[in-house]
Amino acid sequence: MVAPLSTWPWETLGIYKYLLYAPLVSRVLYSRIHEDAFKDDWCLHVLIICALRGGIHFLWSSFTSMLFLNSNRRISQQGCDFKQIDREWDWDNFILLQAILASMAAYMFPPFLENFPLWNVKGFITSLILHMAISEPLYYWAHRYFHKNYLFTHYHSLHHSSPVLHPFTGASATPLEHLVLTIVSGIPIIGSSAIGYGSKSLIYGYLLIFDFLRCLGHCNVEVFPHQLFEVLPFLRYLLYTPSYHSLHHLEMDTNFCLFMPLFDVIWKTQNSNSWELQKEISSNAGKYGRVADFVFLAHVVDVTCSLHVPFVIRAFASLPYSTRLFLLPLWPGAFVVMLMMWACAKTFLVSFYNLRGRLHHTWAVPRYGFQYFLPFAKEGINNQIEEAILRADRLGVKVISLAALNKNEALNGGGTLFVNKLPSLKVRVVHGNTLTAAVILNEIPRDAREVFLTGATSKLGRAIALYLCQKKVRVLMLTLSTERFQRIQEEAPLDCQNFLVQVTKYQAARNCKTWIVGKWITPREQSWAPRGTHFHQFVVPPILSFRKDCTYGDLAAMRLPSDVQGLGSCEYTMGRGVVHACHAGGVVHLLEGWTHHEVGAIDVERIDPVWNAALKHGLRPVSGPVVPEQIST
């Protein structure tokens, strides 16, 4: 049987749980429309306080996830994975619970609340005394009892199940625990109000400070300089730190206090390493931490997509990107950030994960997709990429993989510009297109004897055409440049050149059911494909899924090995644990220990070895059969 008050009554409602706020909203609207005289409505105050409390948690979540600001101050170097994010998905249940309780109190004691002043200094002093004298020791002992066998197993273990502390971890607990916290936080407010010192600012201030300090303790970032506690040593008894509370989650039999370590000292449960750990982390804040073994150098796609990062909305970033209505109010702010990044930002750390003892980073070049097609922006973008490569080289990064437009042929020759300009690089520069080609080829049916290819003169198109013709697959190459077509044809073995056929119109492919799209095609051009055609594609952005009688493949991607750790964000539209093939190509380069650069034209002879190496290390294609010999037989 489920223990009483161990699950939320609205647990199965999902997003519809927010409808429980509807009575409060209705009451506020009714009072504004139908009541002539302006009346101070406590339902409105409850809603405002709920919004502010949610905002505090979101701001702390953003700060915690801003690795470019605080990576050297992180206490645990692990990342929040998808399991933890899902477990903490409904972290805001406690706000809804306390909103219901507060609205009940407002209706039960209306005269008691009607005459509250805006401000009362005596109320703040009284609440501070009540907090120290009652709330702190009450929470301390309640917390210790929650670590007893039954209470821990059925209640408190949920809170401790998160391996990496996060502001949402502090809010993730069972209803019983939050009822206890409601009593703890309510005593100073109710006590001060009962003796006539209550005020609106007291309610707002105490609850918001309470949440602020809860988030502080669970943020996994040591924000206090150790010098503060050396100059003012008495603060060690009055205010805990993130590292102080992290030791409670690590060892669980020490550091039980709410906010004041004084009570751990009184009852002899303070961890002896509390302040040494705080000083160690604070002292190392100015030093560069662990160096990444691999860096994926990404860029921003567009303004809306820039919101799909952990330091904006963690839950949204943990799902594949799609346009959502709630993003619209954030668009103006995101646009301003884009202008600021264009003016002065440099490449920054976005996310990380660990794979087999190796640290993998994703860095972002502060440029958006449209900027790559502005002639005057080309030099600045290449400078940003070059600086990132040089920085990785100085730090000791082994492999840096270029994403999408960062390796554009017209921009830098698929990375050739940097390798030629910086011949002494120790870091290996990789465009990952070899594995991208392998993934696309793997998706082609084994019995295909003819394919239609657009974008044939690109790096990927050329490699795919040459590979298929060597397998005796007829390739209809859409190109208006006879010179380019002949150049590719000459690269093919003599006995395979007849399998490359130049076509200049889409009508030529009206009987071919395998289309490989490397250049964007319109719905009208798609209409020439026969019924049942499958569109494989390596074009960005992907083509529109116009034909209902055809199927459309996703961009080339691979699933990371199952032993990846700390991965908690999705890469653009990719699913959880899935990365673009160019990202996966860099991972394979690192795992294999290859010492060559992979830039410029794709070496067709390396497609099979790279594919088999990817499968050997546990990477898997997202679609299609997982057969190592599929494209090599």
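How each quantity is defined
Residues numbered from 1 in each chain as written. Predicted model: local features only at pLDDT ≥ 70, side-chain atom pairs only at ≥ 80, totals over all residues. Heavy atoms only, no water. Patch = residues over 30% accessible without salt bridge, like charges linked within 9 Å, V, L, I, M, F, W, Y side chains within 5 Å. Areas by Shrake-Rupley, 256 points an atom, 1.4 Å probe, with all protein chains shown as cover. Salt bridge = Lys/Arg side-chain N within 4 Å of Asp/Glu carboxyl O. Buried < 20%, exposed > 50% of the residue type's maximum accessible area, 1.4 Å probe, protein only. Pairing = 2+ DSSP bridges. Helix = DSSP H or I, 4+ residues; strand = E, 2+ residues; numbered from the N terminus. Axes fitted to C-alpha atoms, helices over the stretch in contact; angles between N-to-C directions. Parallel < 35°, antiparallel > 145°, perpendicular 65-115°, else oblique. Left-handed = near helix turned anticlockwise from the far one by under 90°. Contact = heavy atoms within 4.5 Å. Nonpolar A, V, L, I, M, F, W, Y, C, P; charged D, E, K, R; others polar. Phe/Tyr/Trp six-rings, centres within 6.5 Å; stacked < 30°, edge-to-face > 60°. Polar contact = N/O pair within 3.5 Å; in protein donor to acceptor, adjacent residues only side chain to side chain. Expected span 1.5 Å × (residues − 1). Arc of directions from axis to C-beta. Core = buried A, V, L, I, M, F, W, Y, C linked by side-chain atoms within 4.5 Å. Domains from an automatic or database assignment. pLDDT = per-residue confidence, 0-100. Buried area = accessible area lost by both parts, 1.4 Å probe.

Q: Before we move on, can you summarise a nonpolar patch on the surface with the specific residues and values?
A: A cluster of nonpolar side chains, contributed by L128, M132, V231, L232, F234, Y237, L238 and V265, occupies part of the molecular surface with about 700 Å² of accessible area. Given a relative accessible area of 33%, L232 falls into the partly exposed group.

Q: Explain the sheet that holds strand 12 (residues 557-559) to me, and be specific about the residues and the numbers.
A: The pairing of strands in a sheet comes from backbone hydrogen bonds and takes either a parallel or an antiparallel form. Strands sit in the order 13-12-14 across an open sheet of three strands; the sheet is antiparallel. For this open sheet the edge positions go to strand 13 (578-580) and strand 14 (620-621), each flanked by a neighbour on one side alone. For strand 12 and strand 14, the ladder comprises two bridges, and the chain directions are antiparallel. Directly across from R559, in strand 14, lies its bridge partner R620.

Q: Give a detailed account of the sheet that holds strand 2 (residues 348-355), specifying residues and quantitative values.
A: The sheet built from five strands is open, its strands ordered 2-3-1-4-5 with mixed pairing. The sheet is open, and its two borders are formed by strand 2 and strand 5 (428-430), each paired with just one other strand. Pairwise comparison of adjacent strand axes, ignoring direction, gives a mean angle of 25 degrees for this sheet. As paired strands, strand 2 and strand 3 (residues 358-368) are joined by seven bridges and run antiparallel to one another. Paired with F352 across the two strands is H361, which belongs to strand 3.

Q: Break down the packing of helix 2 (residues 42-65) against helix 11 (residues 200-217) for me, citing the residues and quoting the values.
A: It is the contact of helix 2 with helix 11, at a shortest axis distance of 10 Å, that shows an interaxial angle of 25 degrees. For the element pair helix 2 / helix 11, the angle class is roughly parallel. The handedness of the crossing between helix 2 and helix 11 comes out as right-handed. Each of W42, H45, I48, I49, L52, R53, I56, H57 and W60 in helix 2 lies in contact with helix 11, whose residues at this interface are K200, I203, Y204, L207, L208, D211, F212, C215 and L216. The residue makeup of the contact of helix 2 with helix 11, split by class, is 13 nonpolar, two polar and three charged.

Q: Describe the packing of aromatic side chains, naming the residues involved and giving the relevant values.
A: Scanning the entire structure with this criterion turns up 34 aromatic pairs. A ring pair is formed by W91 and F168, whose centres lie 4.4 Å apart and whose planes are at 5 degrees; its orientation type is stacked. Of the two residues, W91 is situated in the loop between helix 4 (82-87) and helix 5 (93-108) and F168 in helix 9 (residues 167-171); the sequence distance between them amounts to 77 residues. Among the residues examined, F168 registers a relative accessible area of 4% and is labelled buried.

Q: Which residues make up unusual backbone geometry, and what are the values?
A: Positioned with a positive phi, K268 is a non-glycine residue whose angle comes to about 55 degrees. Mapping K268 onto the fold places it in the loop between helix 15 (262-266) and helix 16 (274-283). Residue A404 is not a glycine yet carries a positive backbone phi of 40 degrees. Of note, A404 is situated in the loop between strand 4 (399-402) and helix 20 (409-412). We classify A404 as partly exposed; its relative accessible area is 36%.

Q: An account of the environment of Y372 is needed here, citing residue identities and associated values.
A: When you line up the elements, Y372 lands in the loop between strand 3 and helix 19 (378-395). Here the alpha-carbon distance between Y372 and E136, two residues 236 residues apart in the chain, equals 56 Å. Other than its neighbours up to four places away in sequence, Y372 contacts H299, V365, R367, I381, L405, N406 and L411. At a separation of 2.5 Å, a polar atom in the side chain of Y372 contacts the side chain of N406.

Q: Can you explain helix 8 (residues 149-160)? Please cite residues and give values.
A: For helix 8, spanning 12 residues, the distance from its first C-alpha to its last is only 14 Å, which falls clearly below the expected 16 Å at 1.5 Å a residue. Three or more residues of helix 8 are buried, namely Y155, H156, H159 and H160. An end-on view of helix 8 places all buried positions within 140 degrees of arc, on one side of the element. For helix 8, the secondary structure elements touched by its buried residues are helix 7 (121-146), helix 9, helix 10 (175-194) and helix 14 (242-251).

Q: Give me the nonpolar core: which residues, what numbers.
A: Within the largest apolar cluster, 61 residues are counted, with the highest numbers of intra-cluster contacts made by L435, L468, L500, I516 and M558. In terms of residues, this core owes the most to one element, helix 23 (residues 459-470), which gives eight residues. Formed jointly, this core draws a minimum of three residues from each of two domains, domain 2 (294-427) and domain 3 (438-552). In contact with I516, not counting residues within four places along its chain, are I440, I444, V451, F452, L453, T454, I464, L468, H536 and F538. Counting 31 residues, the second largest nonpolar core, distinct from the first, contains F210, L216, L235 and Y244.

Q: Account for the confidence of the model for the protein, with residues named and values stated.
A: Per-residue confidence for the protein gives a mean pLDDT of 93; residues scoring 70 or more make up 96%. Across residues 624-633, confidence stays below pLDDT 50; counting only partners more than four residues off in sequence or on other chains, it has 26 contacts.

Q: Now, about the pattern of salt bridges: what can you tell me, with residues and values included?
A: Across all of its chains, the model carries 19 salt bridges by this definition. E387 is paired through a salt bridge with K346; the nearest N and O atoms lie 3.6 Å apart. A residue pair is termed long-range when its members are at least 10 positions apart, and E387 in helix 19 and K346 in the loop between helix 18 (331-344) and strand 2 qualify at 41 residues. Taking the shortest distance from any N to any O, the salt bridge between K459 and E409 comes out at 3.2 Å. Note that K459 is positioned in helix 23 and E409 in helix 20, a separation of 50 residues in sequence.

Q: Quick one: what's the story with the domain arrangement of the protein, residue by residue and with numbers?
A: Here the domain parsing of the protein yields domain 1 (11-233 + 245-259), domain 2 (294-427) and domain 3 (438-552). The C-alpha centroid of domain 2 is placed 36 Å from the C-alpha centroid of domain 1. The three residues of domain 1 that bury the most area against domain 2 are L67, F68 and W89, which together make up 37% of that side's buried surface. Connecting domain 1 to domain 2 are one salt bridge. Among the salt bridges present, the one from E88 reaches R314, with a minimum N-O distance of 2.9 Å.

Q: Pulling in residues and values, what's your account of the packing of helix 14 against helix 16?
A: Remark: helix 14 packs on helix 16, axes separated minimally by 8 Å, with the N-to-C direction vectors making an angle of 125 degrees. The angle between helix 14 and helix 16 places the two elements in the oblique class. Handedness of the crossing formed by helix 14 with helix 16: right-handed. For the pair helix 14 and helix 16, the contacting residues are S243, Y244, S246 and L247 in the first and S274, W275, L277, Q278 and I281 in the second.

Q: Give a description of the environment of Q270 that names residues and reports values.
A: In this structure, Q270 sits in the loop between helix 15 and helix 16. Accessibility expressed as a relative area gives 29% for Q270, which makes it partly exposed. Here the alpha-carbon distance between Q270 and C257, two residues 13 residues apart in the chain, equals 8.9 Å. Contacts of Q270, omitting those with residues within four sequence positions, involve Y244, T254, N255, P261, D264, V265 and W275.

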